Amino acid sequence: MKLIYCTHSLCNPGGMERVLVNKVTYLVKKLHWDVSIVTTDQKERPTFYPLPEEVRMTDLGINYSDDNSKRPVGKIIGYLLKRRKHRKRLTELLMREKADIVVSLYPSESSFIPSIKDESKKVLELHYCKFFRLQYGRGGLLGWIDRWRTKQDERIVRKFDKFIVLTNEDSTYWGALPNIEVIPNAAMHVGDAYSDVSRHRVIAVGRLDYQKGFDRLIQAWEIVKMNDKYSDWQLDVFGQGEWRDMLLQMIKEKNLQDSMHIHVPTRHIGKEYASSSFLVMSSNYEGFPMVMIEAMACGLPVVSFDFKCGPKDIIGHGVNGLLVSNGDIQGLAEAMMKLMGDGDLRRQMSEQAKQVIETYFEEAVMKQWVNLFTSLMKQ
């Protein structure tokens, strides 16, 4: 079978990038399918996660991200011009390649790719929740555009042969679409070691931007450090992004430099999980929190805001982690202190957290994808 995946880029250490590389590696190495990846903003940068040599990559050179710093009107004009070029170049590529199935990971081609008549089946794979455009709460022209595009999403997703969301929670927000299906991300082993949850260390992982909400985590950690009982605990954040300087300044202003540190991303995150006692997630929104299931597979309980979407699907409150109402900074601090102060509870939750692999193990998840692809080809 011949597949083409369309995405923004593979140069960043994000969860979506890791999921795509893992999935493509499985299809190529185990099933020997012909799989290629088409990007818009790779800019000749190397992939963060290594791809099998059999996988071909083509960058269309659209570079949507070049307009990120422009004013709203400039962003709109730039986006429309780039999307026109994107449609032309992608159409030429798909007509030439004649793939069996083309999968969009919800970059800009989702609005036009179903209309490209290359005879392939079209699949839309959404790695965000339905309301991801609204989470910023922007006002003015950009806010109106966010609301308008969210409404348009409901029309766009119906045009695909299959529309894939990652959680049951998100599926309910879209309603009874005839083409919708839930396929979660797989819990991959990111290391051979498991945490014994004894070390006085909390870990957080993710891009340093609005989505991951590390500003909220800093506020919660300040509350934690007001209690002398937890003076020897450390919080280590692994990530990169445009908020780095702002977050470092915030840590300095709150005098947390001795207990909270921001580290660059690592390819050996499993080692970091194994030397921590629990994961904390302060995201404003997710599609499916890969970090959460990877950490749990390494034996880490999770303290998390109950953001859209994912935590309610994965965490059993009081069983393998603790859920806090989204935005409740005091509640997040108290949940962290509850685990920090109770080693027996951490160990109990650790054993339960490891069971996540039974629900999200790779073979089961990839079987769902293979069944979907093969069923499409039979239609």
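Please read all numbers here as calculations on a predicted model, not as lab measurements. The residue numbers shown here count from 1 along each chain, following its written sequence. Note on the predicted model: pLDDT of at least 70 is required for a residue's local features to be given, and 80 or more for side-chain atom pairs to be given and counted; whole-chain, interface and lining totals, by contrast, use all residues. Side-chain metrics in this entry use all non-hydrogen atoms of the structure; hydrogen atoms and water are not considered.

S.K.: Would you mind going over the overall build of the protein in detail, with residue names and values included?
M.R.: Each helix is a run of DSSP H or I of at least 4 residues and each strand a run of E of at least 2, with the numbering of both proceeding from the N terminus. Assigned secondary structure in the protein consists of 13 helices and 13 strands. Compactness check: the protein gives a C-alpha radius of gyration of 21 Å against a globular reference of 21 Å for 379 residues, within 12% of the reference. Expressed along its principal axes, the backbone C-alpha trace of the protein runs to roughly 65 × 45 × 40 Å. The 379 residues of the protein split such that 55% are buried. Only the protein chains shown count as cover for residues, and the accessible areas themselves come from Shrake-Rupley with a 1.4 Å probe. About 16,800 Å² of surface is accessible on the protein, with carbon and sulfur atoms providing 49% of the total. In this charge count, Lys and Arg are treated as positive and Asp and Glu as negative; neither His nor the chain ends contribute. Charge positions come from single atoms, namely NZ of Lys, CZ of Arg, CG of Asp or CD of Glu. Between the averaged position of the 53 positive side-chain charges in the protein and that of its 48 negative side-chain charges there is a distance of 7 Å. As a reference, a globule follows 2.2 Å times the number of residues to the power 0.38, and the radius of gyration itself is taken over C-alpha atoms. Each residue gets one of three labels from its accessible area relative to the maximum for its type: buried under 20%, exposed over 50%, partly exposed in between, using a 1.4 Å probe on protein chains only.

S.K.: So what's going on with the sheet that holds strand β12 (residues 302-305)? Which residues, and what values?
M.R.: Two strands form a pair only when DSSP identifies at least two bridges running between them. If you trace the 6 strands from one edge of the open sheet to the other, you get β10-β9-β8-β11-β12-β13, paired in parallel fashion. With partners counted over all chains shown, the strands left at the sheet margins are β10 (260-263) and β13 (321-324), one partner each. Going across the sheet, the axis of each strand differs from the next one's by a mean of 20°, ignoring polarity. By the bridge criterion, 3 bridges tie strand β11 (residues 278-281) to β12 in an arrangement that is parallel. Bridging from a neighbouring strand, L279 pairs with V302 of β12. The strands touched by helix α5 (residues 214-225) are β8 (201-205), β9 (234-238), β10, β11 and β12; relative to β9, the strand with the most contacts, the crossing angle is about 175°. Each of β8, β11 and β12 is contacted by helix α8 (residues 290-297), which is oriented at about 170° to β11, the strand it contacts most. Axis lines are fitted to C-alpha atoms, over the contacting stretch for helices. Their N-to-C directions set the angle, which ranges from 0 to 180 degrees. Should any heavy atoms of two residues lie within 4.5 Å, those residues are considered in contact.

S.K.: Residue-level account of the packing of helix α2 (residues 72-97) against helix α3 (residues 140-156), with values.
M.R.: Viewed as axis vectors pointing N to C, α2 and α3 meet at an angle of 40°, and their least axial separation amounts to 10 Å. With respect to α3, the element α2 is oriented oblique. Judged by residue contacts, P72, I76 and Y79 of α2 engage L141, L142, I145 and R149 from α3. Looking at side-chain class alone, the contact of α2 with α3 contains 6 nonpolar, no polar and 1 charged residues. In this scheme, roughly parallel covers angles under 35 degrees and roughly antiparallel covers those over 145, while 65 to 115 is roughly perpendicular and the rest are oblique. Ten residue types, Ala, Val, Leu, Ile, Met, Phe, Trp, Tyr, Cys and Pro, are classed as nonpolar, four, Asp, Glu, Lys and Arg, as charged, and the remainder, Gly among them, as polar.

S.K.: Run through a nonpolar patch on the surface, naming residues and quoting values.
M.R.: Nonpolar side chains (Val, Leu, Ile, Met, Phe, Trp, Tyr) are joined into patches within 5 Å and like charges within 9 Å, using only residues with over 30% relative accessible area and no salt bridge. Throughout this description, the term salt bridge denotes a Lys or Arg side-chain nitrogen within 4 Å of a carboxyl oxygen of Asp or Glu. Where nonpolar side chains cluster on the molecular surface, the patch consists of V73, I77, L81, L141, W144 and W148 and spans about 640 Å² of accessible area. Among the elements of the structure, α2 and α3 are those that each provide at least two residues to the nonpolar patch. We classify W148 as partly exposed; its relative accessible area is 44%.

S.K.: So what's going on with the pattern of salt bridges? Which residues, and what values?
M.R.: Applying the stated criterion across every chain yields a total of 26 salt bridges. Residue E363 is joined to K30 by a salt bridge in which the shortest nitrogen-to-oxygen separation is 2.8 Å. In this pair, E363 sits in helix α13 (residues 362-378) while K30 sits in the loop between α1 (15-29) and β2 (34-39), placing the two residues 333 residues apart along the sequence. Judged by relative accessible area, E363 falls into the partly exposed class, the value being 36%. Its salt-bridge partner being E222, residue K254 comes within 3.1 Å of it at the nearest N-O pair. Remark: E222 occurs in helix α5 and K254 occurs in the loop between α6 (244-253) and β10; sequence separation between them is 32 residues. Exposure remark for E222: the relative accessible area of 24% places this residue in the partly exposed category. Taken together, the salt bridges that share partners define one network made up of K2, D34, R56 and E97.

S.K.: Outline α13, listing residues and values.
M.R.: Expected helix span is computed as 1.5 Å times (number of residues minus one). Given a rise of 1.5 Å per residue, 17 residues ought to cover 24 Å, and the 24 Å separating the end C-alpha atoms of α13 matches this to within 8%. Every buried residue belonging to α13 is among V365, M366, W369, V370, L372, F373 and L376, and all of these are buried. Buried residues along α13 cover an arc of 155° about the axis, so they all sit on one side. Across α13 from its buried face, at more than 90 degrees, point the exposed residues K367 and K378. Here the arc refers to the directions that run from the helix axis out to each C-beta atom.

Shape is all these values report; function is a separate question.
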